[in-house]
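Chain by chain, the residues run as shown.
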2 protein chains.
Amino acid sequence: MVKIGILGYGNIGKGTEIAVSATDDMELVAVFTRRNPETVTILTPDVPVVSVNDIENWKDKIDVLVLCGGSATDLPVQTPEYAKYFNVIDSFDTHAKIPQHFANVDKAAKESGHIGMISVGWDPGLFSLNRVYANAILPDGKDYTFWGKGVSQGHSDAVRRIKGVKNAKQYTIPVESALEAVRSGNNPELSTRDKHIRECFVVLEDGADAQQVEKDIKEMPNYFADYNTIVHFIDEEEFAANHSGMAHGGFVFRSGRTGLNKENKHIIEYSIKLDSNPEFTTSVIIAYARAIKRMYDEGHKGCKTVFDIPPAYLCTQSSDELLAKFL
Amino acid sequence: MVKIGILGYGNIGKGTEIAVSATDDMELVAVFTRRNPETVTILTPDVPVVSVNDIENWKDKIDVLVLCGGSATDLPVQTPEYAKYFNVIDSFDTHAKIPQHFANVDKAAKESGHIGMISVGWDPGLFSLNRVYANAILPDGKDYTFWGKGVSQGHSDAVRRIKGVKNAKQYTIPVESALEAVRSGNNPELSTRDKHIRECFVVLEDGADAQQVEKDIKEMPNYFADYNTIVHFIDEEEFAANHSGMAHGGFVFRSGRTGLNKENKHIIEYSIKLDSNPEFTTSVIIAYARAIKRMYDEGHKGCKTVFDIPPAYLCTQSSDELLAKFL
């Protein structure tokens with residue numbers, strides 16, 4: 001059994017717990033929290049909730065610690081810190097800061113003799129894998145990534161910061177005609193505006209100026225100004241009823257050419273459609289936690305990403321079973 | 001530079017040659033043939049065409065030998081045989097016989113200290129990879145594979161063996177409504193007939209009985225009897241003009257559920273649309289040839305499949321470049 005610990009019990013922590021419960025080869029041994037453990041109730045019976053201050057006492061009882069904090073401030077500190085005591089895995093998703101995070105985790109993990117795996121999920125994660133495979137196979141080509149339809153946390157937060165907004169959800173929606181243009185194999189140049197629509201559902205505070213709020217949203221630099229943005233004003237009841245879901249999805253394309261005269265076009269398309277973004281993300285994390293345990297047992301150490309892991313290591317099945325069933 | 005040899009100069013041999021020419025880190029050093037070498041003209045200037053009888057003389061001059069024979073009779077013999085002298089890679093695609101082929105190649109390659117990689121291409125190959133990743137991530141779910149639209153060589157051959165048929169091409173076509181049913185996430189049970197249509201373009205011999213030929217095709221057990229089959233009779237001119245292409249494609253789905261009560265559905269869809277089946281297949285082979293060279297240099301040996309290779313090994317880029325560009 002692979003012994004799993006969870007640090008942080010939000011959506012990702014809870015998703016990890018559920019993902020572990022769906023496996024036959026893993027067990028959850030503890031959930032660590034920065035809160036008062038007595039205030040945290042988890043789904044799995046008989047698993048202790050422990051203060052993060054006591055985490056070092058668990059260092060010989062856990063094979064892989066899943067770090068479930070946020071990428072902005074938690075993981076840059078936590079992943080190198082806990083790699084001192086544990087094999088760790090995170091879903092760090094600030095793409096621009098991945099090289100620095102990798103370097104920090106690699107140093108800590110190598111010093112302690114552990115594995116620290118970073119940026120596991122679907123983007124970064126499965127989408128990254130598809131970009132790497134497809135680029136290796138079609139070196140002459142163009143990559144396209146589309147996100148959605150799904151909630152962007154960052155954009156929802158940005159709308160909520162506007163004066164007069166009580167609550168808001170922002171959906172990122174890929175433009176169907178842009179997807180079709182990519183599928184044609186003609187390698188279109190697509191602007192930011194061409195690729196995604198942003199749709200906002202906003203609950204106003206009493207007395208707020210709807211016209212001004214809509215203008216503030218649509219003209220917000222970086223977040224909305226470069227997009228076609230649709231704003232709907234709704235009441236709290238409708239917000240609670242229809243906009244509490246965590247569905248998401250996306251598309252990765254590689255459109256390439258082969259042939260002596262580059263006369264042959266090829267399209268590789270990978271897409272996901274998810275009812276629950278956190279549950280899917282943690283299902284990916286848990287598969288890679290299995291791989292980390294195996295690689296650690298083989299003597300590997302340092303920082304790893306999805307690019308470093310042989311696919312067979314994610315599976316419970318033996319090599320013979322994989323050959324017979326999946327190859 | 002990775003030094004590549006090619007054994008067998010048909011569609012796959014030629015595709016390999018073109019794929020190597022599109023890389024910066026590989027060079028073609030020789031093409032080996034069972035034919036009289038003087039009768040074989042290749043695309044790359046200054047590369048020798050050599051009789052396969054002399055292949056052992058090249059064993060220190062080649063990093064990876066690409067075996068381009070057929071799965072029915074060539075590869076079961078060739079891959080274990082040449083693994084005695086070279087790192088080898090093949091596209092063996094008889095799914096049911098893969099475990100036996102693996103065992104034979106593994107034995108030969110371990111004895112000689114080489115790597116023998118088998119079943120590289122898109123199915124088996126990239127489709128297998130997607131099945132493995134998706135099953136590891138969504139253990140509770142259902143797999144679906146669709147092929148096409150593209151030519152099935154085996155079915156085309158079967159039609160050509162019918163009395164009165166001069167020439168024939170058979171296209172396997174996925175049924176659009178079946179694809180949509182899978183995308184719905186409802187895990188439909190799909191019969192053979194539900195999933196694919198078979199469309200045949202047939203040139204008759206003079207005086208042949210069209211009605212009888214159509215009946216013979218549609219009632220052929222295993223090949224056509226379980227499908228909805230469409231038969232078109234055309235003349236040789238049209239056949240030559242419109243049915244000489246090598247386009248192909250296909251879809252792999254995993255449709256799974258997560259959640260404490262399995263209340264959340266997730267769909268992973270991978271698809272390819274190819275103008276040239278052999279050129280795409282060999283583009284995959286060449287990326288894995290790069291990986292084999294690297295693994296061999298690290299001391300690995302024995303039989304490998306796509307499940308065993310870390311994705312980064314397929315790439316020319318450094319780890320740092322991969323992190324920054326693709327993760």
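What this report covers is the structure whose coordinates are included nearby.

**Here's the deal with the packing of helix α4 (residues 126–137) of chain A against helix α10 (residues 277–297) of chain B**
Right, so step 1: Where α4 of chain A contacts α10 of chain B, the two axes come as close as 8 Å, and the packing angle between them is 105°. It follows from the interaxial angle that α4 of chain A and α10 of chain B lie roughly perpendicular. Contacts between α4 of chain A and α10 of chain B involve Y133, A136 and I137 of chain A from the first element and F280, S283, V284, A287, Y288 and R290 of chain B from the second.
Right, so step 2: Looking at side-chain class alone, the contact of α4 of chain A with α10 of chain B contains seven nonpolar, one polar and one charged residues.

**Considering the nonpolar core**
Right, so step 1: Y288 of chain A together with Y288 of chain B are the most contacted members of the largest nonpolar core, which has 162 residues in total.
Right, so step 2: Not counting chain neighbours up to four residues away, the residues in contact with Y288 of chain A comprise I89, M117, V120, L129, V306, I309 and L314 of chain A together with Y133 of chain B.

**Examining the sheet that holds strand β9 (residues 165–174) of chain B**
Residues and elements named next belong to chain B.
Right, so step 1: As summarised here, the arrangement of the four strands in space is β8-β9-β10-β11, forming an open sheet in which the pairing is mixed. Of all the strands in the sheet, the pair left with one neighbour each is β8 (150–151) and β11 (228–233).
Right, so step 2: Where β9 meets strand β10 (residues 196–204), nine bridges bridge the pair, whose relative direction is antiparallel. Bridge pairing links A168 to V202 in β10.

**Regarding the packing of aromatic side chains**
Residues and elements named next belong to chain B.
Right, so step 1: Under the counting rule described, the total for this entry stands at 13 aromatic pairs over all chains.
Right, so step 2: Centroid distance W122 to F127: 5.3 Å. Interplanar angle 70°. Geometry classified as edge-to-face.
Right, so step 3: The exposure class assigned to F127 is buried, which follows from its relative accessible area of 0%.
Right, so step 4: Pairing F127 with Y270 gives two aromatic rings, centres 6.1 Å apart and planes at 85°, and the pair type is edge-to-face. In this pair, F127 is assigned in helix α4 (residues 126–137) and Y270 in strand β13 (residues 264–274), connecting sequence segments 143 residues apart. No difference in accessibility class separates F127 from Y270, as the two residues are buried.

What counts, and at which threshold
- Residues numbered from 1 in each chain as written.
- Chains lettered and ligands numbered in written order.
- Predicted model: local features only at pLDDT ≥ 70, side-chain atom pairs only at ≥ 80, totals over all residues.
- Heavy atoms only, no water.
- Axes fitted to C-alpha atoms, helices over the stretch in contact; angles between N-to-C directions.
- Helix = DSSP H or I, 4+ residues; strand = E, 2+ residues; numbered from the N terminus.
- Parallel < 35°, antiparallel > 145°, perpendicular 65-115°, else oblique.
- Contact = heavy atoms within 4.5 Å.
- Nonpolar A, V, L, I, M, F, W, Y, C, P; charged D, E, K, R; others polar.
- Core = buried A, V, L, I, M, F, W, Y, C linked by side-chain atoms within 4.5 Å.
- Buried < 20%, exposed > 50% of the residue type's maximum accessible area, 1.4 Å probe, protein only.
- Pairing = 2+ DSSP bridges.
- Phe/Tyr/Trp six-rings, centres within 6.5 Å; stacked < 30°, edge-to-face > 60°.

By themselves, these observations are geometric and do not establish any function.
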